[in-house]
Amino acid sequence: MTIPRPAAVVVLAAGEGTRMRSATPKVLHEIGGRSLVGHVLTTARALSPQRLAVVVRHERAAVTDHVLTLDPEVLIVDQDDVPGTGRAVQVALEALDGAGELTGSVVVLAGDVPLLDVGTISQLLVAHHADVNAVTVLTTVVADPTGYGRVLREAGTGDVLAVVEERDADHVQRAVDEINTSVYVFDADVLRRALTRLDRSNAQGELYLTDVLALARADGGHVRALRTEDVLSVEGVNDRVQLARLGAELNRRTVEDWMRAGVTVVDPATTWVDVDVDLAADVTLLPGTQLHGATSVATGARIGPDTTLTNVEVGEGATIVRTHGSDAVIGAGASVGPFAYLRPGTILGERGKIGTFVETKNATIGRGSKVPHLSYVGDAEIGVETNIGAASVTVNYDGVHKHRTVIGSYARTGADNMFVAPVQVGDGAYTGAGSVIRRDVPAGALAVSQGSQRNVEGWVERSRPGTPAAEASARARSAGSSDPGTTHETENDR
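Described below are features of the structure shown in this document.

What counts as what
- Residues numbered from 1 in each chain as written.
- Predicted model: local features only at pLDDT ≥ 70, side-chain atom pairs only at ≥ 80, totals over all residues.
- Heavy atoms only, no water.
- Core = buried A, V, L, I, M, F, W, Y, C linked by side-chain atoms within 4.5 Å.
- Buried < 20%, exposed > 50% of the residue type's maximum accessible area, 1.4 Å probe, protein only.
- Contact = heavy atoms within 4.5 Å.
- Pairing = 2+ DSSP bridges.
- Helix = DSSP H or I, 4+ residues; strand = E, 2+ residues; numbered from the N terminus.
- Salt bridge = Lys/Arg side-chain N within 4 Å of Asp/Glu carboxyl O.
- Polar contact = N/O pair within 3.5 Å; in protein donor to acceptor, adjacent residues only side chain to side chain.
- Phe/Tyr/Trp six-rings, centres within 6.5 Å; stacked < 30°, edge-to-face > 60°.
- Lys NZ or Arg CZ within 6 Å of the ring centre and 35° of its normal.
- Axes fitted to C-alpha atoms, helices over the stretch in contact; angles between N-to-C directions.
- Parallel < 35°, antiparallel > 145°, perpendicular 65-115°, else oblique.
- Nonpolar A, V, L, I, M, F, W, Y, C, P; charged D, E, K, R; others polar.
- Left-handed = near helix turned anticlockwise from the far one by under 90°.

**Observations concerning the nonpolar core**
Piece 1. Formed by 43 residues in total, the largest nonpolar core has its most connected members in Leu-279, Leu-285, Val-314 and Ile-330.
Piece 2. Setting aside its immediate chain neighbours within four residues, Ile-330 contacts Val-312, Glu-313, Val-314, Gly-315, Ala-318, Ile-320, Val-336, Leu-342 and Leu-348.
Piece 3. Judged by nonpolar contacts, the second largest core, of 37 residues, contains Ala-8, Leu-96, Val-106 and Leu-207.

Printed below as a string of structure tokens:
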């Protein structure tokens, strides 16, 4: 089936959205990792319109900046102080005509209807052209139509007579349960002529776009409706309750689509996947997993439980457990967690390991290298097949500047090491436990920095009298026990 290409799509994003009770413009609130207007723009672009316009008014600077960031080719149109959707489309059509008068179909979409898909609008376009309609409107039937415009049909033909807004409807019209979804296809010439005849003689004192339907019919045009059974796909967001409901529904649909594509999702109810995430077949997502932004996961990888990744690239067969990560790359066969924190700039090589209670930032950890536990690796480069001992820290900040630590390949660093950057540890080098590495370590060298151990006998009883430690020491002495620390030669004394 060939989908007719619209001459233009107009997205209405001028509303104030007072019921959101937010400093953020309504259309900039997000579900599924994308703003409400971002979802609508994505759908609009999928229709391949010759031109695309977005009408703004309230918080126009913020909305304009956001829209142009998403799609720099969009024509931004400012609505003036004349209220109403009719005025919004009027100024949009005038602006679009400024680049050459439109001919053909004009699609109008609301900027706060995020679940509307390109397939539904394509059906609307096909029906519009096949029936040679002046206007084709998308409708649906709801259990409670309160607040919506009612669709009035002609008996027998089913053609649309008019759309009556709630405040202007009488009690008979309010009993109608078929509602207007604010999704339309207009013939450009019909729309242009009708918009000049709109007036504000209604309960809200606005220019209604819905009045175009009755005017088009009065002029002899066919005005018809396409009804969708998918009510949630045409629901707009007016408050935070609807935002959450549609966000949950979008996630349900997204997760279900991935499961049908070969992804195992153990608990869909606790798994959240943004719309721009990319998953390969045979990925497994465990309960409590959240994948955001442009995260991509290769085949065979296992994520979770209780893991949140944002803009993270996960390689084939990698395992990530109870981890929070952003703007990072995890190599094939690598393992991360549990309780790891990957900050931006982390790159873990193939078969590498970032273990328990490890934080990394702006660090490249080479193939097969391991940072198993209780460590911080920041502004660092670690070669291949190197092991970093527990409780190690790259001391990268001097209070003014960040400095880099470089640890070579096949190195073995001891536990509780401090690497005071800028510093380099050569290939195959070792460092002793408890060392503070302030100077470069040559390849193959052993670096130690700790002094000899010294035991001050009787210190606790003299300096901490009356404490549980002093009492335990006294009991041990009176029983003839010896303090192991005073009788055994230490490694450093030899």
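**Overview of the pairing of strand β22 (residues 323-326)**
For a regular strand, the rule is simple: side chains alternate between the two faces of the sheet.
Piece 1. Bridge count between strand β19 (residues 308-310) and β22: three bridges; the pairing is parallel. Counterpart to Thr-310 in the pairing with β22 is Ser-326.
Piece 2. Here β22 pairs with strand β25 (residues 340-342) via three bridges, running parallel. If you follow His-324 over to β25, its bridge partner there is Tyr-341.

**Some thoughts on the pattern of salt bridges**
Piece 1. This structure, assessed with the given rule, holds 27 salt bridges.
Piece 2. A salt bridge links Glu-166 to Arg-150; its shortest N-O distance comes to 2.6 Å. Note that Glu-166 is positioned in the loop between β9 (160-164) and α5 (171-174) and Arg-150 in strand β8 (residues 150-153), a separation of 16 residues in sequence. Exposure class is identical for Glu-166 and Arg-150. Each is buried.
Piece 3. A salt bridge links Arg-197 to Asp-219; the nearest nitrogen and oxygen atoms lie 2.4 Å apart. Here Arg-197 is found in the loop between α6 (188-195) and α7 (211-218), whereas its partner Asp-219 is found in the loop between α7 and β11 (223-227), with 22 residues between them in sequence.

**Some points on the pairing of β8**
Piece 1. As defined by bridge partners, β8 adjoins β9 across four bridges and the pair is classed as antiparallel. Each residue of the ladder has a partner; that of Arg-153, found in β9, is Val-160.
Piece 2. The hairpin formed by β8 and β9 contains six residues between the paired strands, and Gly-156 there has a positive phi angle of roughly 95 degrees.

**Re the environment of Asp-276**
Piece 1. Mapped onto the secondary structure, Asp-276 falls in the loop between β13 (272-273) and β14 (278-279).
Piece 2. On a C-alpha basis, the gap between Asp-276 and Asn-311 in space is 9.7 Å, while along the polypeptide they are 35 residues apart.
Piece 3. In this structure, Asp-276 is in contact with Arg-34, Gly-293, Ala-294 and Thr-295, ignoring residues within four places of it in sequence.
Piece 4. Within the local environment of Asp-276, its side chain forms a polar contact with the side chain of Arg-34, the two groups lying 2.6 Å apart.

**As for the packing of aromatic side chains**
Piece 1. Per the counting criterion, the structure on display carries two aromatic pairs.
Piece 2. On the numbers, 5.3 Å between centres and 10 degrees between planes, the contact of Phe-339 with Phe-357 is stacked. Taken together, the residues Phe-339 in the loop between β24 (335-336) and β25 and Phe-357 in strand β27 (residues 353-365) connect sequence positions 18 residues apart.
Piece 3. Over the ring of Tyr-397 we find Lys-402, and its NZ or CZ is 5.4 Å from the ring centre.

**A few points about unusual backbone geometry**
Piece 1. At the junction of Gly-337 and Pro-338, the peptide bond is cis and its omega measures out at 5 degrees in the coordinates.
Piece 2. On the secondary structure map, Pro-338 appears in the loop between β24 and β25.
Piece 3. The linkage connecting Ala-421 with the following residue, Pro-422, adopts the cis geometry, with an omega of 0 degrees.
Piece 4. Mapped onto the elements, Pro-422 comes out in the loop between β31 (418-420) and β32 (423-425).
Piece 5. A positive phi angle, near 60 degrees, is found at Phe-339, a position not held by glycine.
Piece 6. Residue classification places Phe-339 among the partly exposed positions, given a relative accessible area of 42%.
Piece 7. A positive phi angle, close to 55 degrees, is found at Tyr-410, a residue other than glycine.

**A look at the packing of α6 against α7**
Piece 1. Relative to each other, α6 and α7 sit at 105 degrees, their axes nearing to 9 Å. What the angle tells us is that α6 and α7 run roughly perpendicular. Packed against α6, whose contacting residues are Val-190, Leu-191, Ala-194 and Leu-195, the element α7 presents Val-212, Leu-215 and Ala-216 at the interface.
Piece 2. Class assignment for the residues of the contact of α6 with α7 results in seven nonpolar, no polar and no charged.

**Description of the packing of helix α3 (residues 85-97) against α6**
Packed helices, taken two at a time, are described by the angle their axes make and the gap between the axes.
Piece 1. Where α3 meets α6, the axes come as close as 10 Å, and the angle between the chain directions of the two elements is 125 degrees. One way to sum up the angle between α3 and α6 is to call them oblique. As α3 runs across α6, the sense of the crossing is left-handed. In this structure, α3 uses Gly-86, Val-89, Gln-90, Leu-93 and Asp-97 to contact α6, whose residues at the interface are Ala-188, Leu-191, Arg-192 and Leu-195.
Piece 2. When its residues are assigned to classes, the contact of α3 with α6 shows five nonpolar, two polar and two charged.

**Quick look at helix α1 (residues 36-46)**
Piece 1. Burial runs high along α1: eight of the 11 residues are buried.
Piece 2. For α1, the complete set of buried residues consists of Leu-36, Val-37, Gly-38, His-39, Val-40, Leu-41, Thr-43 and Ala-44.
Piece 3. Positive phi shows up at Ser-48, right after α1, with a value of about 55 degrees.

**Structural notes on the side chain of Ser-233**
Piece 1. Along the chain, the position of Ser-233 falls in the loop between β11 and α8 (240-260).
Piece 2. Looking at Ser-233, the relative accessible area reads 1%, which means it is buried.
Piece 3. The contact partners of Ser-233, leaving out residues within four places of it in the chain, are Val-113, Leu-115, Leu-116, Thr-228 and Arg-253.

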